[in-house]
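Per-entry structural report
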Amino acid sequence: MYEFSWPGKKEALRTAFSPVKKALRPDVASSSDWNNTSNLYIEGDNLESMKLLRESYLGKINIIYIDPPYNRKNERIYRDDFSRSRSQENTEAGINDEFGNHLVKNPESDSRFHSNWCNMIYPRLLVARDLLADDGVIYISIDDKELGNTIKICNEIFGEQNYIASFPRLTTKSGKTPSTVMISNDYVLCYVKHEKNIFVGKAYSDSSYKFSDEFEKERGKYNLKQPLDCNSISYSQSLDYPIEHDGITYYPGSNYDKYVERKRGNYTTKDYAWRWSKEKYEFGLKNGWIVFQNGRIYTKGYLRADIQKQSDGKYHIVSREKTRTISTIDLISNEYSNDMGKKQFNSLQIPVNFDNPKPVQLIKELISSYYRKNPLIMDFFSGSGTTGEAVYSLNSEDGGKRNFILIQVPETVEDMTFPTICHIGKERLRVSGYREKQTDESTNNGFRVLKLDSSNYRDVYHTTDYYQQNLLSFSDSNIKEDRTDLDLLFGCLLDWGLELSKSYESEEISGVTIHTYDEDALIACFAENISEEVIREIAKRQPLRVVFRDSSFESDAARVNVSEIFKLQSPGTDVRVI
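The model shown is predicted, which means the values in this text are computed figures rather than measured ones.

**Looking at the sheet that holds strand β22 (residues 512–517)**
- Pairing in this open sheet of five strands is mixed, and the strands run β21-β22-β23-β24-β25 from one edge to the other. Two strands close off the open sheet at either side, each with one partner strand: β21 (504–509) and β25 (574–577). Within the sheet, the average angular offset between the axes of one strand and its neighbour, ignoring direction, is 20°.
- Strand direction decides the pairing type here: strand β23 (residues 522–525) and strand β24 (residues 545–548), joined by three bridges, are parallel. Each residue of the ladder has a partner; that of Ile-523, found in β24, is Val-546.

Shown next, in the form of structure tokens:
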């Protein structure tokens, strides 16, 4: 029996399923349009963050795209605290950065060079598989340094039968020459969770769209499809007529004499005709499908619409979705290269140098190849935020409602304006989101920021002889003093397995703050000394769940009274005290 193994694999497997005592704390100040967005931006280690999300997003992510470290010479990789002896830790201590154990260099001289990388990626892909929907797909950008190992790991996790393809991608026209061969490509691996019939692949490219008009929002972008006159179709009198427009007469073939000869019966030039009948032309002109430009007449080709004659004998505008299966050679084009990615990033005029960002068009093509119109997309190596910009752009183009979850460790960069990669990513989302908003005001281009931090609760598991008189005051509450109501609310959402992107509002009732999440899904109140009046008002709303903090009640009798109130007024409510 074949098995792919390496030093540290068992510990890597164990860490994928070990509990994590952390919290995701909301950061409203650095978010964008917090109350009206369903997009999430998470700052922190991606493995720990995904493990926290596991309950809330189990089987709910439709598309995952990641661009992990390629494990090149001295490249920094994530490293988790497992399979390391004391001597190994001492040896590596000199190359840890200010983030401690999360990011370290992985020099090729290390005998564990490949196993270090496998130990990094393996548990993350295990958790990613849990998050993928049954009809989900995962794309992984990788070069040939770890391509073979990644395929072996993915075959084990997702199943060899769920392997779709390795798409070669042009990285740069100039290439790089580490030895004797110029390297100008890397790869995008593609695996599905279960279903293989999920790909449609749009047969359109943004590069051909240079015009816009009042119909763009409904019909999608268009290009000038073709001239109305043509000399290569079968001649028909219904296609041979003059067109009057703005005092100018147009003839098929742009020649009046030939037109007259045809009408006289001389058919030597009968191959000249219009592509459309006069009836279709007049319908198209009235409805915005005709362009007069430089003495010629052109028809428009819309992205999502076409003109067709229906059973009633009249022309109508109908929906059109031209699709084709994505090809393994589609990404061998400069529009998918890092050169283009750099140009796109620089066009945002963010004053920072960012190496090798992926191009927006690459992510758009991968997302568009998925058959659902409004998938939930995750990128847990989000870098500069290309995936977020791609989602904004696609939604602006076709009116979609795609949402994203981006995760990025706040690795420091040598820049005073943007001290971490997360600062760069959030700025890119703000700038690109604002730009797309100018095209389509209805597009929701905000994002909620959540930061990975220590648990909201104190470590209260001490032996009896540990407690002294000066510690008694801390026993009043097990919640840390620096935690806000919003911190506690989002901690409860994760505990209950609720998504973190739903609607939220707060209000004051009798001097205390009430938090309502996803309408009646959850109501929380973390105030001190909550009155019975407030309890009854919350119960009257009959939420599915309600949560209070333990210190909100003066006695056990008060807590029992809360249970009795809800039994009478809202027996279906799940009541918890933290």
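**Things to note about the pattern of salt bridges**
- Evaluated as defined, the whole model comprises 32 salt bridges.
- Between Glu-11 and Arg-14 there is a salt bridge, and its shortest N-O distance comes to 2.3 Å. Taken together, the residues Glu-11 and Arg-14, both in helix α1 (residues 9–17) and three residues apart, mark about one turn of the helix.
- Note that Arg-296 and Asp-229 form a salt bridge whose closest N and O atoms lie 3.4 Å from each other. Within this pair, whereas Arg-296 is found in strand β15 (residues 296–302), its partner Asp-229 is found in strand β10 (residues 229–230), the two being separated by 67 residues in sequence.
- Connected via shared salt-bridge partners are Arg-25, Asp-453, Asp-482, Arg-483 and Asp-487.

**Here's the deal with the sheet that holds strand β7 (residues 163–170)**
- Spatial strand order, β1-β20-β2-β19-β18-β3-β6-β8-β7: nine strands in an open sheet with mixed pairing. In this open sheet, the two strands that pair with only one neighbour each are β1 (22–26) and β7. Going from strand to strand, the sheet's axes swing by 20° on average, the running direction of each strand aside.
- Sheet topology note: the strand β3 (residues 61–66)/strand β18 (residues 376–379) ladder contains two bridges and is parallel.

**Points about the nonpolar core**
- Leu-53, Met-378, Ile-405 and Leu-500 are the most contacted members of the largest nonpolar core, which totals 64 residues.
- When residues of this core are assigned to their parent elements, the largest contribution, ten residues, is made by helix α4 (residues 113–131).
- The residues contacting Leu-53, other than those within four sequence positions of it, are Leu-24, Ile-42, Leu-58, Leu-131, Met-378, Ile-405, Ile-407, Leu-494 and Leu-500.
- Listed in part, the 32 residues of the second largest apolar core include Ile-198, Leu-362, Leu-394 and Leu-406.

Conventions used here
- Residues numbered from 1 in each chain as written.
- Predicted model: local features only at pLDDT ≥ 70, side-chain atom pairs only at ≥ 80, totals over all residues.
- Heavy atoms only, no water.
- Pairing = 2+ DSSP bridges.
- Helix = DSSP H or I, 4+ residues; strand = E, 2+ residues; numbered from the N terminus.
- Axes fitted to C-alpha atoms, helices over the stretch in contact; angles between N-to-C directions.
- Salt bridge = Lys/Arg side-chain N within 4 Å of Asp/Glu carboxyl O.
- Core = buried A, V, L, I, M, F, W, Y, C linked by side-chain atoms within 4.5 Å.
- Buried < 20%, exposed > 50% of the residue type's maximum accessible area, 1.4 Å probe, protein only.
- Contact = heavy atoms within 4.5 Å.

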